[in-house]
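Descriptive analysis of the structure
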Amino acid sequence: MEKQRTRLTVLGGTFILILTGTALLNMLILNRSYAFFTFSAGNSVKWWLALHMGSVLSQMTIPLTFLLAGYFWANKRVSVGTAAASWLRGWSLLLLSLVIVFVGFKTLSMNAILESLFPLTRGVSTVFSGMIVCLVTQPLLVRWIQRTNIRFLTLVLGSLWLVSLFWNHFRQDANDPINILLMVALFMIGMLLSRSGWWQKRSLWQLVAIGGAALLTMWASLGVMGKISFFLYGNYDVMDTFTKPFSVLMVVAAIAVTVFVGRLIQQSEGRMLVVALTMANLVSQAPTLSAFISDTIQNKWPGFLHFLLTSAIFAGVLAVALLGLIWGTQPVWTRVAGRLDQQWHLTTVAEYARIPTRLNTWGRAVFSQHWHQLVAVAVFYVTAFVSFLSMTRDGLVGDGLLSKREPVLPYLLLKDQKMIVLTTLMLIAACVVLHVITTRFWVSFLLVEVSYSIWTIANRMKIGLRNESVLPADLHELKSLPELFAMVGTAKIVLMILAILLAIGAIVFLEIRLPRPLQAKWPARIGLIVLAGLILASPIHVNQKGSYANAFNRAFGNAADFVTPINGVQTHGPLLQFTNSLDVQLMDEPDDYSAERVAAIVQKYAAQAKQINKTRTANIKDQTVIFNLSESFVDPKRFPDTHIDGQDPIPNVRKLMKQTTSGYMMSAGYGGGTANMEYESFSGFIMSGFTHYLVPFTQVVTRSGRAPGFADDFPSGTAIHPYTGSFYNRPQAYRKMGIKTFKYLGSQYKIIDQSKIQNSPYLSDNTAYANALQQINQVGGGQFMNLVTMQNHMPYDASFYPDNPFQDTVSGAALSNDAITSSYATYTYGTYETDKAVKKFIDEIDKIKKPITLVFYGDHYPAIIDNDYVLKDPVRMHATDFFIYSNKASRAHNTKLKKTHYSGTNDFIPMVLEHLNAKVSPYEALLTDVDHDLPALSMPAGTKTDADGNTENVVQGVTNKGKLVTVDKLTKKQKQLLADYQMIQYDITSGKQYSLKGNTFMKNPGGK
């Protein structure tokens, strides 16, 4: 007993040393995942030669593995169950290593996933694949050897060997699939060795001498061939010619070792050694380990000795773990092989010939038992595919600016499968969770299917209306279901209701006629719900670098795209684009962010404010300032490739723009984004300053400790919107930004003088201005007012204005069909009515004997003409009209500021203060410098891509001459100003709000 224990201890220690060396050398050499294999100046020659000598030992493990396998599996035919169990063992090991590397180092890639799931077809390790082939064919090979003359068979194998060497030109690569044939030949040679009288008669010392001579000869060949290689080619590329894994000398040395080992250990121990060598090769060649070596060990310990030592330690740990795993799970795999043998007992040619029939029978049985689950997976995949397909309006995917536009169908089939599969996994996970909870398959399946279908339709409708998908911020709009239903249309709502009723009927029918209750036991149920829950929970931290969710999603290529949302939903699908938006980092923290740095900025602009205020005489608290966001207002004549015959639709606005401060406002949106323009005008911050596309009213204001705004300078703040007020979380956002009174339809404050133009569903601009006049007259002193109109909101249906003088007077290449022409004519008439309403309102405020200033601006272009125009001329298609007018009672009545040709929405605060010659706070002094010295920054962001493939916003702007510029084109002084500005935006929206402590930075000396 004691001798047996000692023997096992020695044997285990020997195995560990062998596996450690095998794993280490395979990691270093077969992977080529280090920077020391190719000699270059500065390398240590002795270490470099030692590495190549180690390469010989590493390469020898390949023929040795197959020779040993043949040697210890030579006498008795085994069934295919042994091969199947070996494949399952390797498959399980790869999955385990994938999980360990993922959990331990948060490293994951799609390549690693696929190679772990499909090691044979993906060619992870030719040694592993070759071993499976050898074990599968072992019964046939045994039978062949038993019926064939050994000398003749040896001659045939030797001849084939020499032919293969000549055919490969001495350039065999162990990972070349063609070498599986050579591995099978080695397996047969191993079987012959166990029967060979000559080799069995050699003493152990003779075997050592033969193997040692072959090894020393190979090592010597390194030096000789190295010099020849350098002399002929000027490099060392062919110095390993005679040390390839299947060279004659290598095989001779391996044969000697095989017979030597075969004398010392028993058959069961020898088979375990073969399994261990095969698994060591498999794991060390696996992509998970390769990534770990290159990304972790080598990057942290770049020096050769440090790298070698660390790799050796890691290989030792791996060897111990591997041997323990193999030894400890051996009974499990023995039972697995036994069960497989019962169903797949194949040892004869006739039994092998029946494999297709058995596979057909097995496949039918599996489908009969699990057809409903297979159908569900197929339907989920098709549904996901269709949802991606429906996110494009013109059959093309890509924004054409940051990515090339290409046909959507080939793109989805060839390039976007990972995203579709990930979406399918999410749907399957949701179905699994519901199935475990309800135990009803059809309820779970159809509930998920119908819900996702409705989700896809909602996204498709929003893209058609606003050219953007559904975002988390849109969930706030569920408070306004009646208004949403009105926008969607009665017919579509009825169809959705019918679809839901049909789905309910289908559920009832299928649950009665084809019930599929959950039969899994509780441990399996818990395991399923945990796994599905993890998949569903993965979006929670998807945007946090270094998180498990980020690593998992990036393996599927799911990197959030908030810079170009429409491109994001086309390439990510409506579900992933939404979930990617759940966890959004507002801004990246500046490198030098600190209380001291912010204090320095505050002090700097406090001094600047004092300097500015020396010449400023007006107090903003005494003024009535109206920010009038005119929905989608743009001069219709500025649309590209269009023409309007006859009368000018906006003569009054055009005249005002010539007389007073005016220009083009650069909008961050196109076809939508109204609330974002409001935020920029209130706060002075820019959308492109945030890391990703978002809706500040719902994602920034609500999470900030304080959200200062321009309204804080005034004794009172009011907002008026002649429509429902719950969109974009306006009530809460307004209140937090200093606007205490919000008048909208359904609020406690009545909207008066409600009127519509012809058949339009929206209240007119005259209604908006009537309510503004009422508010002006109700407040005795100064006040701030945000007036958001609704008259020109999409859609632009010809039925809105049956009596439209522009219906037959518009033309142009941009009006490519009747629908676009009709929409453009409808929109033009709406601006014509706006122009008249503006003149009437100006006339009214001119009669009022207190200073009133109107900032009139369009928030964005309407999405009427083809999006290609936005790509061709982004500056033009993001430039709306604005003017700042002060009434006759104001000292600024005839003021017209210079250099306002192109301005940003964020510039309105400093422009109004300058227009009125009003005093500024330190923050407003910063905004003044931004307005004067930087381009208009409220353009949509540009992009940059980091080393990890993450796409982030980059601020870009438009000069006063209309030229688009990026940050790198700014002067050093401008870059410093932009850095100050972005530091403050980060501090207030995402940071610790150092600048708001003490309330001096935002305090306007002429404010309330």
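Residues numbered from 1 in each chain as written. Predicted model: local features only at pLDDT ≥ 70, side-chain atom pairs only at ≥ 80, totals over all residues. Heavy atoms only, no water.

Per an unreviewed UniProt entry, the protein goes by Phosphoglycerol transferase alkaline phosphatase superfamily protein and derives from Schleiferilactobacillus perolens DSM 12744. Quoted verbatim from the Pathway (unreviewed entry) heading of the UniProt record, the comment on the protein is "Cell wall biogenesis; lipoteichoic acid biosynthesis." Taken from UniProt, the Subcellular location (unreviewed entry) comment for the protein reads in full: "Cell membrane". (UniProt positions renumbered as here; feature names shortened; annotations may be inferred.)

Next up on the list: the overall build of the protein. The helix and strand tally for the protein stands at 35 helices and 16 strands. Out of the 1008 residues belonging to the protein, those deemed buried represent 55%. For the protein, restricting intrachain contacts to residue pairs at least 6 apart in sequence, the fraction spanning at least 24 positions comes to 77%. Element-wise, carbon and sulfur atoms account for 62% of the exposed surface of the protein, whose accessible area totals about 44,200 Å². (Helix = DSSP H or I, 4+ residues; strand = E, 2+ residues; numbered from the N terminus. Buried < 20%, exposed > 50% of the residue type's maximum accessible area, 1.4 Å probe, protein only. Contact = heavy atoms within 4.5 Å. Areas by Shrake-Rupley, 256 points an atom, 1.4 Å probe, with all protein chains shown as cover.)

Moving on, we come to a nonpolar patch on the surface. A grouping of Val-494, Leu-495, Ile-497, Leu-498, Ile-500, Leu-501, Ile-504, Val-508 and Ile-512 is seen on the molecular surface, where their side chains present a nonpolar patch of about 840 Å² in accessible area. Among the secondary structure elements, Leu-495 is positioned in helix α20 (residues 490-513). (Patch = residues over 30% accessible without salt bridge, like charges linked within 9 Å, V, L, I, M, F, W, Y side chains within 5 Å. Salt bridge = Lys/Arg side-chain N within 4 Å of Asp/Glu carboxyl O.)

By size, the foremost hydrophobic cluster in this structure holds 78 residues, and its most contacted members are Val-625, Phe-697, Phe-710, Phe-784, Leu-926, Tyr-981 and Ile-984. For this core, the leading source of residues is helix α35 (residues 972-989), giving seven residues. In contact with Ile-984, not counting residues within four places along its chain, are Val-598, Ile-601, Phe-685, Tyr-923, Leu-926, Ser-995 and Phe-1001. The next biggest cluster of nonpolar side chains, apart from the first, holds 51 residues, and it includes Phe-72, Leu-207, Leu-215 and Ala-254. (Core = buried A, V, L, I, M, F, W, Y, C linked by side-chain atoms within 4.5 Å.)

In this section: the packing of helix α3 (residues 80-105) against helix α4 (residues 110-117). Angle between the axes and distance between the axes are the two parameters that describe a pair of packed helices. Viewed as axis vectors pointing N to C, α3 and α4 meet at an angle of 155°, and their least axial separation amounts to 8 Å. Looking at the two axes, α3 sits roughly antiparallel to α4. Helix-helix and strand crossings are classified by hand; for α3 and α4 the assignment is left-handed. For the pair formed by α3 and α4, the contact residues are Trp-91, Leu-94, Leu-95 and Leu-98 on the first element and Ala-112, Ile-113, Glu-115, Ser-116 and Leu-117 on the second. (Axes fitted to C-alpha atoms, helices over the stretch in contact; angles between N-to-C directions. Parallel < 35°, antiparallel > 145°, perpendicular 65-115°, else oblique. Left-handed = near helix turned anticlockwise from the far one by under 90°.)

Where two aromatic rings form a pair, the distance of their centres and the angle of their planes describe that pair. Under the counting rule described, the total for this entry stands at 44 aromatic pairs. Residues Trp-87 and Trp-91 carry aromatic rings whose centres are separated by 5.9 Å and whose planes lie at 20° to one another, so their mutual orientation is stacked. Placement of the pair is Trp-87 and Trp-91 together in helix α3, with a separation of four residues, close to one helical turn. On the numbers, 5.5 Å between centres and 55° between planes, the contact of Tyr-664 with Tyr-902 is tilted. Of this pair, Tyr-664 sits in strand β5 (residues 661-666) while Tyr-902 is found in strand β12 (residues 902-904), placing the two residues 238 residues apart along the sequence. Take Tyr-664 and Tyr-902: they sit in the same class, and that class is buried. Residue placement shows Lys-872 over the ring face of Tyr-869; its charged tip is 5.5 Å from the ring centre. (Phe/Tyr/Trp six-rings, centres within 6.5 Å; stacked < 30°, edge-to-face > 60°. Lys NZ or Arg CZ within 6 Å of the ring centre and 35° of its normal.)

For the rest of this paragraph, the subject is the pattern of salt bridges. Taken as a whole and assessed by the stated rule, the structure comprises 12 salt bridges. Between Asp-592 and Arg-597 there is a salt bridge, with its nearest N and O atoms 3.0 Å apart. Accessibility expressed as a relative area gives 19% for Arg-597, which makes it buried. A salt bridge links Arg-654 to Asp-648; its shortest N-O distance comes to 2.8 Å. Assessed through its relative accessible area of 24%, Arg-654 is described here as partly exposed. Each member of the salt-bridge network shares a partner with another, and the members are Asp-592, Arg-597, Lys-604 and Asp-980.

Once that is clear, we can look at the pairing of β5. In terms of burial, β5 is a largely internal element, six of the six residues being buried. Pairing analysis gives six bridges linking β5 to strand β11 (residues 879-886), with the strands arranged antiparallel. In the strand pairing of β11, Tyr-664 is matched with Asp-881. Strand direction decides the pairing type here: β5 and β12, joined by three bridges, are parallel. Residue pairing in the sheet places Met-665 in a bridge with Ser-903 of β12. (Pairing = 2+ DSSP bridges.)

Following the sequence through the fold, Asn-1004 ends up in the segment after α35. Using a relative accessible area of 2% as the deciding quantity, one classes Asn-1004 as buried. At a separation of 2.7 Å, a polar atom in the side chain of Asn-1004 contacts the side chain of Glu-924. Reaching out from Asn-1004, the side chain makes a polar contact with the backbone nitrogen of Gly-1006 at a distance of 2.7 Å. Filtering out sequence-adjacent residues up to four positions away, Asn-1004 remains in contact with Ile-620, Asp-713, Leu-913, Lys-919, Val-920, Ser-921 and Glu-924. (Polar contact = N/O pair within 3.5 Å; in protein donor to acceptor, adjacent residues only side chain to side chain.)

What follows covers unusual backbone geometry. Negative phi is the rule for most residues except glycine; trans is the rule for most peptide bonds. Omega for the bond connecting Met-794 with Pro-795 falls within 30 degrees of zero, at 0°, which places this linkage in the cis form. Following the sequence through the fold, Pro-795 ends up in the loop between β8 (783-788) and β9 (810-811). Of note in the backbone geometry, Lys-899 takes a positive phi value of approximately 55° without being a glycine. Turning to its location among the elements, Lys-899 is positioned in the loop between β11 and β12. Relative accessible area serves as the criterion here: at 73%, Lys-899 is assigned to the exposed category. Positive phi, normally seen in glycine, also occurs at Asn-917, with a value near 55°. Among the structural elements, Asn-917 can be located in the loop between α33 (908-915) and α34 (922-933). The class of Asn-917 is partly exposed, set by a relative accessible area of 27%.

We now examine the sheet that holds strand β10 (residues 852-858). With mixed pairing, the eight strands of this open sheet are ordered in space as β7-β6-β8-β3-β10-β11-β5-β12. Of all the strands in the sheet, just β7 (741-745) and β12 have a single pairing partner and so form its edges. Within this sheet the neighbouring strands show an average axis-to-axis angle of 20°, counted without direction. Note: β10 against β11, five bridges, orientation antiparallel. What sits directly across from Thr-853, in β11, is Ser-886. In this fold helix α29 (residues 765-778) packs onto β3 (624-630), β6 (717-724), β7, β8 and β10, with an angle of close to 170° to the strand it touches most, β8. Sheet strands in contact with α33 are β3, β5, β10, β11 and β12, and its direction is about 30° off that of β11.

For Met-496, the location among the structural elements is in helix α20. In this structure the C-alpha to C-alpha distance between Met-496 and Val-450, which are 46 residues apart in sequence, comes to 9.9 Å. Setting aside residues up to four positions removed in sequence, Met-496 forms contacts with Ile-457 and Met-461.

Take a positive patch on the surface next. Residues Lys-621, Arg-735, Lys-740, Lys-1003 and Lys-1008 make up a contiguous surface patch of positive charge. By relative accessible area, Lys-740 is classed as exposed at 59%. (Lys, Arg positive; Asp, Glu negative; His and termini not counted. Charge placed at Lys NZ, Arg CZ, Asp CG, Glu CD.)

This part is about the packing of α33 against α34. With their axes 8 Å apart at the nearest point, α33 and α34 run at an angle of 95° to one another. Taken as axis vectors, α33 and α34 run roughly perpendicular relative to one another. Contact residues: α33 offers Ile-909, Pro-910, Met-911, Leu-913 and Glu-914, while α34 offers Glu-924, Leu-927, Thr-928, Asp-931 and His-932. Tallied by class, the residues present in the contact of α33 with α34 amount to five nonpolar, two polar and three charged. (Nonpolar A, V, L, I, M, F, W, Y, C, P; charged D, E, K, R; others polar.)

This part takes up the pairing of β3. The buried fraction of β3 is high, at seven of seven residues. Burial along β3 is two-sided: Thr-624, Ile-626, Asn-628 and Ser-630 and Val-625, Phe-627 and Leu-629, pointing in opposite directions, are all buried. Alignment of β3 against β8, held across six bridges, turns out to be parallel. Within the sheet, the bridge partner assigned to Phe-627 lies in β8 and is Asn-786. Examined bridge by bridge, β3 and β10 share seven bridges and lie parallel to one another. Considered in β10, the bridge of Asn-628 is made with Phe-856.

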